[in-house]
Amino acid sequence: MQRDNQDEHLDDGDLSKTQLKRHSQDMHDLGVKLVKMGSNGLKQIPLDDETFAAVKLAKKIENKREGYRRQLQLVAKLLRQRDTAPILAAIDELENRALYQAAHFHALEKWRDRVINQGDDAIQELLDVYPHGDRQQLRQYARQAAKELEQNKPPAASRALFKYIRSLSESST
């Protein structure tokens, strides 16, 4: 009887027993991750109604040992029956959002520094990337920031330039 069940799985995707176990464990781990996730994060994950309800129930009964274990098995079973690529992508985005934001922030800082140090050449390159920018405004900020640097004044114009470049970036997306 058990042998027929294994043959049925092999026909479905030609996966070995080890691969099936590994996939099953991966889905269990994904289910645990979904249950441990906060409710705001969970709302951003593309789950169907049945899986979402199962995860919510598992969150409720987390302190009931046997019921929680069985509910996690159900969540894993539901996940095995679905395409998990969008779920994994959404989780990755949530977990790495801070890294993406930091990288974007550093890129904008580099643009600011290039505009201040290189002048018109960097402004032209920036306008190639963000064509809706104002060349005159960028030049004005760059001149003021360079002057502030020379005179060892607080970098007010540099901050204003950064804010302007950030607004260009946000309006283009």
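Residues numbered from 1 in each chain as written. Predicted model: local features only at pLDDT ≥ 70, side-chain atom pairs only at ≥ 80, totals over all residues. Heavy atoms only, no water.

**A look at the overall build of the protein chain**
Line of reasoning, step 1. Looking only at helices and strands, the protein chain has 9 helices and 0 strands in total.
Line of reasoning, step 2. Taken from N to C terminus, the helices and strands of the protein chain fall in the order α-α-α-α-α-α-α-α-α.
Line of reasoning, step 3. Expected size for 173 residues packed as a compact globule is a radius of gyration near 16 Å; at 26 Å, the protein chain overshoots this value by more than 25%.
Line of reasoning, step 4. Overall, the C-alpha framework of the protein chain stretches about 85 × 40 × 25 Å when taken along its three principal axes.
Line of reasoning, step 5. Looking at the protein chain residue by residue over its 173 residues, the buried ones come to 28%.
Line of reasoning, step 6. Nonlocal contacts in the protein chain, meaning residues at least 24 apart in sequence, comprise 56% of its contacts between residues at least 6 apart.
Line of reasoning, step 7. Carbon and sulfur atoms make up 49% of the accessible area of the protein chain, which amounts to about 11700 Å² in all.
Line of reasoning, step 8. In the protein chain, 29 side chains carry a positive charge and 27 a negative one; their mean positions are 8 Å apart. (Helix = DSSP H or I, 4+ residues; strand = E, 2+ residues; numbered from the N terminus. Rg over C-alpha atoms; globule rule 2.2 N^0.38 Å. Buried < 20%, exposed > 50% of the residue type's maximum accessible area, 1.4 Å probe, protein only. Contact = heavy atoms within 4.5 Å. Areas by Shrake-Rupley, 256 points an atom, 1.4 Å probe, with all protein chains shown as cover. Lys, Arg positive; Asp, Glu negative; His and termini not counted. Charge placed at Lys NZ, Arg CZ, Asp CG, Glu CD.)

**Structural notes on the pattern of salt bridges**
Line of reasoning, step 1. Counted under the stated rule, the structure contains 9 salt bridges.
Line of reasoning, step 2. Close ionic contact of Glu50 with Arg82 constitutes a salt bridge, the shortest N to O distance being 2.9 Å. Of the two residues, Glu50 is situated in helix α4 (residues 49-60) and Arg82 in the loop between α5 (65-80) and α6 (85-118); the sequence distance between them amounts to 32 residues.
Line of reasoning, step 3. For Arg82, a relative accessible area of 25% translates into the label partly exposed.
Line of reasoning, step 4. The salt bridge involving Arg69 is made with Glu66; its shortest N-O contact spans 2.4 Å. Taken together, the residues Arg69 and Glu66, both in helix α5 and 3 residues apart, mark about one turn of the helix. (Salt bridge = Lys/Arg side-chain N within 4 Å of Asp/Glu carboxyl O.)

**A look at the side chain of Thr51**
Line of reasoning, step 1. Here Thr51 is to be found in helix α4.
Line of reasoning, step 2. Side chain to side chain, Thr51 and Asp48 meet in a polar contact 2.8 Å long.
Line of reasoning, step 3. Thr51 has contacts with Leu78, Leu79 and Arg82, leaving out every residue within four places of it along the chain. (Polar contact = N/O pair within 3.5 Å; in protein donor to acceptor, adjacent residues only side chain to side chain.)

**Thoughts on the environment of Val115**
Line of reasoning, step 1. Inspection of the secondary structure assignment puts Val115 in helix α6.
Line of reasoning, step 2. Taking the C-alpha atoms as reference points, Val115 and Arg143, 28 residues apart in sequence, are found 9.6 Å from one another.
Line of reasoning, step 3. Every residue in contact with Val115, bar those within four places of it in the chain, is listed here: Ala122, Ile123, Leu126, Leu138, Ala142 and Leu161.

**Overview of unusual backbone geometry**
As a rule of thumb, non-glycine residues mostly have phi less than zero, and peptide bonds are mostly trans rather than cis.
Line of reasoning, step 1. Even without being a glycine, Asn152 presents a positive backbone phi close to 55 degrees.
Line of reasoning, step 2. For Asn152, a relative accessible area of 71% translates into the label exposed.

**Points about the environment of Ala157**
Line of reasoning, step 1. Tracing the sequence through the fold places Ala157 in helix α9 (residues 156-172).
Line of reasoning, step 2. Taking the C-alpha atoms as reference points, Ala157 and Ala102, 55 residues apart in sequence, are found 22 Å from one another.
Line of reasoning, step 3. Other than its neighbours up to four places away in sequence, Ala157 contacts Tyr141, Gln144, Ala145 and Glu148.

**Here we look at the confidence of the model for the protein chain**
Line of reasoning, step 1. Predicted confidence across the protein chain gives a mean pLDDT of 86, with 92% of residues reaching 70 or more.
Line of reasoning, step 2. Mean pLDDT values over the elements of the protein chain span from 46, in helix α1 (residues 2-13), up to 92, in helix α8 (residues 135-150).
Line of reasoning, step 3. Low pLDDT, under 50, characterises residues 1-11; the stretch is placed with 5 contacts to residues that sit more than four places away or in other chains. (pLDDT = per-residue confidence, 0-100.)

**Looking at α9**
Line of reasoning, step 1. With 17 residues, α9 ought to run about 24 Å at 1.5 Å a step, and its terminal C-alpha atoms sit 25 Å apart, in line with that.
Line of reasoning, step 2. Every buried residue of α9 is accounted for by Ala157, Ser158, Leu161, Phe162, Tyr164, Ile165, Leu168 and Ser169. All buried residues of α9 lie within an arc of 160 degrees about the axis, which places them on one face of the element. Among the exposed residues of α9, those pointing more than 90 degrees away from its buried face are Arg159, Lys163 and Glu170.
Line of reasoning, step 3. Buried residues along α9 sit in contact with α6, α7 (120-129) and α8. (Expected span 1.5 Å × (residues − 1). Arc of directions from axis to C-beta.)

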